[in-house]
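So the chains spell out like this:
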Amino acid sequence: MHEVHAYAGKILRVNLSNGRISTEPTMKYAGKFLGGRGINQWILYNEVGPGIWPFDPANRLIFGTGVLVGTLAPGACRCTIDSKNVLTGGVGSSNMGGHFAPELKYAGYDHVVIHGRSLKPVYLWIDNGKVEIRDASDIWGKTTWETDDLIRDELEDHDIQVASIGQAGENLVRAACIITNGERAAGRCGLGAVMGSKNLKAVAVRGDREITVAHPDEFFELVSELRSNMIRVANEKTPDDVRCGTLLILERNNNTGGNTVRNFQDAYWDPEKVKKVCAEEILKNYALRKMGCFGCPLPCSFYLNVAQGEFAGTRGEGFKADSHKDFGPKLDVDYLPAIIKAHVLCSQYGLDVDSTSGVIAWAFECYEKGIFTKEDTDGLELEWGNYHAVLELIRKIAFREGVGDLLAEGSKRASKIVGRGSDRFSINIKGHELYESIWTAKAWALGCIVSTRGCDHLRGSPTCENAGITPEEGERFFGVPTAGDRRAYEGKAKLVVYFENFKGVVDCMNICYYMTQWKNIYFIGPEELAKLYTAATGRETTAAELMKIGERIQNLERAFNAREGLGRKDDMPPARFFEPIKSGPAKGERLEREKFERMLDEYYELRGWDVRTGNPTQAKLRELGIE
Amino acid sequence: MRIASFSEKCVGCRTCEVACAFHHRRTFGRKSSSLSVRRFEREGRFEIVIYEKREGERPACDLCGGEPMPLCVKLCPVGALEAVG
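Residues numbered from 1 in each chain as written. Chains lettered and ligands numbered in written order. Predicted model: local features only at pLDDT ≥ 70, side-chain atom pairs only at ≥ 80, totals over all residues.

The next subject is the overall build of chain B. In terms of helices and strands, chain B carries two helices and four strands. Of the regular secondary structure in chain B, the N- to C-terminal order runs β-α-β-β-α-β. The C-alpha radius of gyration of chain B comes to 12 Å, within 12% of the 12 Å expected for a compact globule of 85 residues. Seen through its C-alpha atoms, chain B measures out along the principal axes to roughly 35 × 30 × 20 Å. Residue burial in chain B is summarised as follows: out of 85 residues, 48% are buried. Here the analysis covers contacts within chain B between residues at least 6 apart in sequence; of these, 55% occur between residues at least 24 apart. (Helix = DSSP H or I, 4+ residues; strand = E, 2+ residues; numbered from the N terminus. Rg over C-alpha atoms; globule rule 2.2 N^0.38 Å. Buried ≥ 20, exposed ≤ 12 C-beta atoms within 10 Å, placed from the backbone. Contact = placed C-beta atoms within 7 Å.)

On to unusual backbone geometry, then. All names here are of chain A. The backbone phi angle of Asn128 is positive, close to 55 degrees, even though this residue is not glycine. Residue placement: Asn128 occurs in the loop between β7 (122–127) and β8 (130–135). Located in the positive-phi region is Lys430, a residue other than glycine, with phi close to 60 degrees. Here Lys430 is to be found in the loop between β16 (428–429) and β17 (432–433).

The next subject is the environment of A:Cys189. Residue and element names in this part refer to chain A. Assignment of secondary structure puts Cys189 in the loop between β11 (184–186) and α6 (191–197). The class of Cys189 is buried, set by 32 C-beta atoms lying within 10 Å. In this structure the C-alpha to C-alpha distance between Cys189 and Tyr106, which are 83 residues apart in sequence, comes to 27 Å. Beyond its immediate sequence surroundings of up to four residues, Cys189 is in contact with Asn85, Val86, Leu87, Gly92, Ser93, Ser94, Arg453 and Gly454.

Residues and elements named next belong to chain A. One can read the domain layout of chain A as domain 1 (10–206), domain 2 (245–433) and domain 3 (442–510 + 542–623). The centre of domain 1, based on its C-alpha atoms, is set 26 Å off from the matching centre of domain 2. Across the contact, 34 residues belong to domain 1 and 29 residues belong to domain 2. Of all the elements in the fold, those that place two or more residues in the side of domain 1 that touches domain 2 are α4 (144–154), α5 (167–170) and β11. If you tally residues by element for the side of domain 1 that touches domain 2, the top one is α5, at three residues. A class-by-class count of the residues in the side of domain 1 that touches domain 2 yields 15 nonpolar, 15 polar and four charged. (Domains from an automatic or database assignment. Nonpolar A, V, L, I, M, F, W, Y, C, P; charged D, E, K, R; others polar.)

So, about the environment of A:Glu409. Residue and element names in this part refer to chain A. Within the element layout of this structure, Glu409 appears in the loop between α17 (403–407) and α18 (411–418). Taking the number of C-beta atoms within 10 Å as the measure of exposure, Glu409 has 20 and is therefore buried. Taking the C-alpha atoms as reference points, Glu409 and Val359, separated by 50 residues in sequence, lie 8.8 Å from one another. For Glu409, the contacting residues outside a window of four places in its chain are Arg174 and Ala414.

Bringing the sheet that holds strand β4 (residues 79–84) of chain A into the picture now. Residue and element names in this part refer to chain A. Taken in spatial order, the six strands make up an open sheet running β2-β1-β6-β3-β4-β5, and their pairing is mixed. For this open sheet the edge positions go to β2 (21–25) and β5 (91–96), each flanked by a neighbour on one side alone. Averaged over neighbouring strand pairs, the angle between their axes works out to 20 degrees when direction is ignored. Pairing of β4 with β5, which is carried by six bridges, proceeds in the antiparallel orientation. Note that in β5 the partner of Cys79 across the bridge is Met96. The strands that helix α2 (residues 36–47) touches are β3 (61–64), β4, β5 and β6 (111–115); relative to β4, the one it contacts most, it runs at about 15 degrees. (Pairing = 2+ DSSP bridges. Axes fitted to C-alpha atoms, helices over the stretch in contact; angles between N-to-C directions.)

Contacts between chain A and chain B engage 32 residues on the former and 21 residues on the latter. With five residues, the single largest contributor to the side of chain A that touches chain B is helix α7 (residues 216–237) of chain A. The residue inventory of the side of chain A that touches chain B, partitioned by class, reads 16 nonpolar, eight polar and eight charged.

Membership of the largest hydrophobic core comes to 229 residues, with the highest contact counts inside it found for A:Tyr123, A:Ala204, A:Leu351, A:Ala363 and B:Cys72. Of all the elements, helix α21 (residues 492–509) of chain A adds the most residues to this core, at 11 residues. For A:Leu351, the residues in contact, after removing those within four places along its chain, are A:Ala168, A:Val173, A:Ala175, A:Ala176, A:Cys177, A:Cys346, A:Thr356, A:Ile394, A:Ile397 and A:Ala398. (Core = buried A, V, L, I, M, F, W, Y, C linked by C-beta atoms within 7 Å.)

Next up on the list: the pairing of β7(A). Residue and element names in this part refer to chain A. Counted residue by residue, β7 has five buried out of six residues, so it is predominantly covered. In this structure, β7 lies alongside β8, joined through six bridges in antiparallel fashion. When the bridges of β8 are listed, Ile126 appears paired with Val131. Where β7 folds back on β8, the antiparallel hairpin that results is connected by two residues, among which Asn128 adopts a positive phi of roughly 55 degrees. Two strands pair when backbone bridges link them, and β7 and strand β12 (residues 200–206) are joined in this way by six bridges, in the parallel orientation. Its bridge partner lying in β12, Tyr123 is registered against Ala202.

Residue and element names in this part refer to chain A. Three or more residues of α4 are buried, namely Thr144, Thr147, Asp148 and Ile151. One side of α4 holds all its buried residues, which, seen down the axis, span an arc of 100 degrees. The inward-facing, buried residues of α4 contact β7, β9 (161–164), β10 (178–180), β12 and α14 (336–349). Backbone geometry just downstream of α4 places Glu156 in the positive-phi region, at approximately 50 degrees. (Arc of directions from axis to C-beta.)

All names here are of chain A. The geometry of α21 relative to helix α23 (residues 543–563) is characterised by a closest axis approach of 7 Å and an angle of 100 degrees between their N-to-C directions. Of the possible angle classes, the one that applies to α21 and α23 is roughly perpendicular. For the pair α21 and α23, the contacting residues are Glu500, Asn501, Phe502, Gly504, Val505 and Cys508 in the first and Leu546, Met547, Ile549, Gly550, Glu551, Ile553 and Gln554 in the second. Across the contact of α21 with α23, the residue classes tally to seven nonpolar, four polar and two charged. (Parallel < 35°, antiparallel > 145°, perpendicular 65-115°, else oblique.)

So, in structure tokens, the structure goes:
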């Protein structure tokens, strides 16, 4: 038999309803859908039909490593987890770093597909080729951190990797996520609740096997060169980013209309407050050391420790721009220990920081506008900056206690229950709460708005619009001279199509997006991915072929959404972004409705989709081999 | 020559482990490495262990004979490993 290189070679299927465990070859799907998110989505599209409730046992929960995962390709550590989206009813897709995916691949599996629902709480134990469904009755009700410890103790192996849910997932909170390594989250789309609905507390993995590549020396030389080149470029061009990871984003956003103050009522935060929570403050007073995901040449996470004050003893890592902005400006909290505490609590309960802060910000604005009084909030005063109320709401949401039961439904559903015009304060796209500010940078906005998983800056939304790239660079890399001009609409639909297709490939390889052109135009692009893929698998490919696969995945996800009734009508930003920014250097900037609609038309046209419905045509799907 | 490790600088990425196993076997994995990074992730602490003698399936560190620089040293992103002497 021809040896399969780079892949582990097998897909594991576990049916929790009847305990049946089986495998199938990854190669069955790899030709058309490569790996990672591509294969996950193809399985989802074929096996989870329209109208299946996310919590129905017939829904699948699919873990996918990637073609390059486990090798030394930069940042080849990601795990994509796909299912039906708990918030939107469409595609659910989330991605986490850490060490889980390489371990799963070393255990011999490229993907794990969870079917059905167990009658009692269980966890899955994958010990190389041995797979076991184990009782989790004693672990149910515990935090993700306690779950890690209990499973590692029970299996007497402290080097296994665990992906688990906390109480939020057990309680079917729609903001529930899946956590690995304590604080690496597959955050978005509520997939922790899908896992909870299956009574699956955790997946634990031990992998001692090896991944072969077709041309080891060539591959190793390639990855060594890429790694050293990236470290050199990053240190030359963006030394502050190397030093601070993602922690500078908040203060930079303040100059570019990128903050999300008081539930997106403004994009500019009081500079005095920014100073209190800025990157230098974190590095000086809270960061003990840097931490990195598997195989990362440019580690961006910090281990934080709160030494003093009422939150003394709070410790954790994985604190990045999301947590920083979500629990800082979005809720007007300028006290770092409380922001760090909120992040740690979300990790422990297994809550997505973006959606959790989003629904809390909605409640705060309802309180500000008089829709909620203390009687509606279990006596909590939801005044901006009241971090005690924020922390208490996080707990209430995780346990669906009191007002937390309402908030656990997410802001879109909650606003329908509450009525009284509260939907104006639900800052969501397709039901998915925004992390992103989308007033100013036009491709960034479009990418978030058309995202198949709701809203999302980690696919079609480029970062280059605020990165100072020249028109020549824009033309050379993307065929879009305006790529570095955030105010321009022209060419931005093309840029979004490019990045959506590219991210499809990146998620099949499952390297970190930060290692790519998305973060820095001189990092890994389609050409480099083609070289890596060819050397790793021994199958010759080109950048164009890979980008075609990216296009196929985008169409597949869009077709899944269309089947669920989503379309152009849902590709719409909250009304707030059509209003001008109130203050700061970007004051007055906004999305202009007509220009936005034209950009949207252009996007559908470039995609070859029906401009009226915003969905793929049958002809387009046939052309891409999706029937 | 020997390899000096500085666990206080380590970020726990395990690049060194995998690079070492690659040197020995031309494959990617962790088991056949002469180096192990013990992760105490929730304490924010890591410990680099270098096996100078064979231990079970772990081969002894041979300082990457044949390579201009030990691969673990070459690929560590934060200088937590150094070739000395």
